[in-house]
Amino acid sequence: MNSINADLHCHSVLSDGTLTPEQLAMRAKSNGVELWSLTDHDLVSSQARAEESARNLGMKYLGGVEISVSWLGQTIHIVGLGINPYDQRLIEGLRKTRDGRMQRGQEIARQLAAVGILGAYEGATAFAGNPELLSRTHFARFLVEKGVCTDINAVFTQFLIEGKPGYVGHVWATLAEAVTWIKDAGGVAIIAHPGRYRLTDLEKDSLYLAFLQAGGLGIEVVTGSHSPEQYVEYAKVATQYGFYASRGSDFHDPTESRTDLGVLPPLATHLKPVWSLFQL
Ligand code: AMP
Ligand code: MN
Ligand code: MN
Ligand code: MN
C-alpha cells in the first residue's frame, strides 16, 4: 500500500503552476504516478479537467485543493484530498479566501515600486493564468524575468517575505473553516509541508492539536518541500499524533521545482498512508 506511486500535491496554471491540468496529468503518468491529485491554491475550477485527464490515462485520482490559512499570524497550507469539487460551501469558502488577492497584489507592486522596481502589477498579472489567483509566485517570476533575481528561490529570500520589500500580510481562512469545508465536501484535511513553517516546538504542538480538534487527519511527510532528514522528523510526528501520512511533490514548473511529479521516496512502511482512507 505504501509503495503506490502517489503524488497528492501539485499546481496547474489555474493557480501558480505553469502547466495545464492536461499537461500535468501526462507528465505524472509518464513519471509513473498511479494515484494523482491536483491541489491548486484556493480553487477547485481545475478539478474536472484533472480528473478527466487522469481517467483517460488510466491513473487513479483524488479531488484536491490547497487552502491558505492564517494561524497565529502565520500562513499555513491545508491540503484537502478526496473532495467533491462541486460542493457549494467549499466553492464559496474558497471564493472568499481568494478575495483580496488583487488588492494585495497592488500593494505588493507599490512596495516594489518604492524600491525602484516598476510595473510589477502588470508584470505579475501577465504571468497569472487565472485572474482570480494572483500569487506571490507570479511576482517572483516577474522579478526573475526582470533580472532582479537569478531564480525564484532567490526572490523568496530578498523580496515578498516578512521584513522584505513586497511583503503584504493577508488574512486567509481560519484553520477550522478550511478543515470544515474539506470535511463537508467529503474530503480529508492534511497539513501541507509542516517543515516549512517557522514555528517553535510549542507552537507546532498547538497547531497539531488544534488541527486534530478541528477534524484534520493527516500531514505531509514526504514532500518536495522537505529534506530527507525532515522525512524522518515528520514520520515521527505522524506516529506521535496519530496522523495519516501523505506524499506529494508540490510541483509547480519543470524548471523551477526541484522535485518532479512522482519522483519522491516512498512513505516508510510503518506509516498509515492517507490513501488507505479511500476506496481506490
Ligand atoms: P501566495 O499564496 O500568493 O502567498 O503565494 C505562495 C506561493 O509562493 C507558494 O504556494 C509557493 O508556490 C511560493 N513560495 C513561497 N515561498 C517560497 C519559497 N521560499 N521558494 C519558492 N516558492 C515559494
Ligand atoms: Mn504555490
Ligand atoms: Mn503550500
Ligand atoms: Mn503547494
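Further up the page is the structure itself.
These lines cover the structure that appears in this document, whether it is placed above or below. (Residues numbered from 1 in each chain as written. Chains lettered and ligands numbered in written order. Predicted model: local features only at pLDDT ≥ 70, side-chain atom pairs only at ≥ 80, totals over all residues. Heavy atoms only, no water.)

**Quick look at the overall build of the chain**
The cut-off we apply is this: Each helix corresponds to a stretch of at least 4 residues labelled H or I by DSSP, and each strand to a stretch of at least 2 residues labelled E; elements are numbered beginning at the N terminus. All radius of gyration figures rest on C-alpha atoms, and the globule criterion is 2.2 Å times the number of residues raised to 0.38. Each residue gets one of three labels from its accessible area relative to the maximum for its type: buried under 20%, exposed over 50%, partly exposed in between, using a 1.4 Å probe on protein chains only. Residues are treated as being in contact if the distance between any of their heavy atoms lies within 4.5 Å. Using the Shrake-Rupley algorithm and a 1.4 Å probe, accessible areas are obtained, with residue cover drawn only from the displayed protein chains.
When helices and strands are counted, the chain shows 10 helices and 8 strands. Over its C-alpha trace the chain gives a radius of gyration of 18 Å, about what one expects of a compact globule, namely 19 Å for 280 residues. Projected onto its principal axes, the C-alpha positions of the chain cover 55 × 45 × 40 Å. Relative to its 280 residues, the chain shows a buried fraction of 54%. Considering only intrachain contacts with a sequence separation of at least 6, the fraction spanning at least 24 residues in the chain is 72%. Counting every atom, the chain has about 12,100 Å² of accessible surface; 52% of that belongs to carbon and sulfur.

**Here's the deal with the pattern of salt bridges**
Oppositely charged side chains are able to pair whenever their charged atoms sit close together. Let me state the cut-off plainly: When a carboxyl oxygen of Asp or Glu lies within 4 Å of a side-chain nitrogen of Lys or Arg, that pair is called a salt bridge.
This model, assessed by the stated rule, comprises 11 salt bridges. Arg89 is paired through a salt bridge with Asp184; the nearest N and O atoms lie 3.7 Å apart. Taken together, the residues Arg89 in helix H3 (residues 88-98) and Asp184 in helix H8 (residues 175-184) connect sequence positions 95 residues apart. We classify Asp184 as partly exposed; its relative accessible area is 37%. Its salt-bridge partner being Glu92, residue Arg95 comes within 2.8 Å of it at the nearest N-O pair. A residue pair is termed a helical-turn pair when its members lie 3 or 4 positions apart in one helix, as Arg95 and Glu92 do in helix H3 at 3 residues.

**Observations regarding the pairing of strand E4 (residues 64-71)**
This is how it is decided: Here, strands pair whenever DSSP counts at least two bridges between them.
Buried residues dominate E4, accounting for 7 of its 8 residues. In this structure, E4 lies alongside strand E5 (residues 74-81), joined through 8 bridges in antiparallel fashion. Across the sheet, residue Val65 finds its bridge partner in E5, namely Gly80. A loop of 2 residues connects E4 with E5, the two strands running antiparallel in sequence, and Leu72 in this loop sits at a positive phi of about 50 degrees.

**Overview of the site of ligand 1**
Applicable threshold: Any residue with a non-hydrogen atom lying within 4 Å of a molecule or strand is treated as near it. Counting of polar contacts relies on pairs of N or O atoms within 3.5 Å, with two restrictions inside protein: one atom must be capable of donating a hydrogen and the other of accepting it, and residues adjacent in sequence are counted only when both atoms are side-chain atoms. Cavities and pockets were defined on a 1 Å grid built over protein atoms only: a cavity is a set of grid points that admits a 1.4 Å probe from which the probe cannot escape, a pocket is an open set flanked by protein on both sides within 12 Å along at least five of seven lines, and lining residues are those with an atom within 4 Å of any such point. For a molecule to be placed in a cavity or pocket, more than half of its atoms must lie within 2 Å of the grid points of that cavity or pocket.
The local shell around ligand 1 holds 13 residues, among which His41, Arg101, Arg104, Arg136 and His252 are the closest. At a separation of 3.0 Å, an oxygen atom of ligand 1 approaches a polar side-chain atom of Asp16. For ligand 1, the cavity whose grid points lie within 2 Å of the majority of its atoms is the largest pocket. Here the shell around ligand 1 gets 3 residues from one element, more than from any other, and that element is helix H7 (residues 152-158).

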